[in-house]
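# Per-entry structural report
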Amino acid sequence: MVRTFIGGIVGGLILFVSGFIFWATPLGEIPFDHASDAQNIAVQLSLNGNLTPDGTGAYHIPDPRSRVGANQYTQGPIATVFFNTQGYSPEDMSMLLPGAIMALIAGLLLAFALAAVGGGGRSFAATARLVVLISLAFTTWEFLASPIFNHFGWRYWIYTFVAESVGWIVAGLVISRWFLPRMAESAPAERPAEVKREE
């Protein structure tokens, strides 16, 4: 239990550091397209004038629920907007602590899941295959299916797929190699069967 808990903390830290590298360094600019300052101002003013009354949230633009919106949606262009009524500094670091807490929770869940299915007699190679395949299964569906179903561009989602796959796989491999319960800890040793002699 203690070994698994420590592994979860280490795994969470790996997830956090991996996320920081992929998203908080210059690498984080790779998945984004960029508009000019004039275009950004025009879009921001439009957002401020049209979405502010409804508040922070996610929006389909145009809204296809009405007949007019469905017609406009068909004609395009369309957008999915994650809108925040409040601005914040590009250097804002207030999300680091809650983000780290979420990473630690995810790491602990991963560690205890691996301990449940990969501890004891399972070899590291077998557990490693499990880590890689489950991580790729999750990230493939979560991030590569999104642009298919929502008609998004691919660059952002491919980058996210790579970034998240790396984080989950590395965290899972480290936990599997050094922090899963050993055979002796997971099950008591069996006594050899006694053989009765016939006299």
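Structural notes, computed from the coordinates. (Residues numbered from 1 in each chain as written. Predicted model: local features only at pLDDT ≥ 70, side-chain atom pairs only at ≥ 80, totals over all residues. Heavy atoms only, no water.)

### Topic: the packing of aromatic side chains
Filter applied, for reference: Only Phe, Tyr and Trp rings take part, Trp by its six-membered ring, and two of them pair if their centres are within 6.5 Å. Stacked means planes under 30 degrees apart, edge-to-face means over 60, and tilted covers everything else. Strands are runs of DSSP state E lasting at least 2 residues, helices are runs of H or I lasting at least 4, and numbering of each runs from the N terminus. Each residue is assigned to one of three classes by its accessible area relative to the maximum for its type, calculated with a 1.4 Å probe on protein chains only: buried under 20%, partly exposed between the two thresholds, exposed over 50%.
Counted under the stated rule, the structure contains 10 aromatic pairs. When the centroid spacing of 6.0 Å and the interplanar angle of 75 degrees are considered together, the rings of phenylalanine 22 and tyrosine 159 count as edge-to-face. Taken together, the residues phenylalanine 22 in helix α1 (residues 2-23) and tyrosine 159 in helix α7 (residues 155-178) connect sequence positions 137 residues apart. The exposure class assigned to phenylalanine 22 is buried, which follows from its relative accessible area of 16%. A relative accessible area of 10% means that tyrosine 159 is categorised as buried. Put simply, the rings of Phe22, Trp23, Phe32, Phe152, Tyr156, Trp157 and Tyr159 touch in pairs and so form one group of aromatic residues.

### Description of helix α4 (residues 96-118)
As a reminder of what qualifies: Expected helix span is taken as 1.5 Å per residue step, with the number of steps being one fewer than the number of residues. Two residues form a contact once any of their heavy atoms are found within 4.5 Å.
Taking 1.5 Å as the rise per residue, α4 with 23 residues should run 33 Å; its terminal C-alpha atoms sit 31 Å apart, in good agreement. Those residues of α4 that sit buried are Ala103, Ala106, Gly107, Leu108, Leu110, Ala111, Leu114 and Gly118. Tucked inside the fold, the buried residues of α4 contact α1, α5 (124-144) and α7.

### Describing the layout of surface pockets
One way to see where empty space is left: roll a probe the size of a water molecule over the atoms. Heads up, the condition is: For cavity detection a 1 Å grid was placed over the protein atoms alone, and a set of points counts as a cavity when a 1.4 Å probe fits there but cannot get out; an open set counts as a pocket when protein lies on both sides within 12 Å along at least five of seven lines, with lining residues being those that have an atom within 4 Å of a point. Grid points are joined across faces, edges and corners, and a volume is the space filled by probe spheres set on the points.
Quantified by volume, the second largest pocket comes out at close to 220 Å³. Looking at the second largest pocket, the residues that line it are Leu109, Leu110, Ala113, Leu114, Val117, Leu130, Val131, Ile134, Ser135, Phe138 and Trp168. If you list the elements that add at least two residues to the lining of the second largest pocket, you get α4 and α5.

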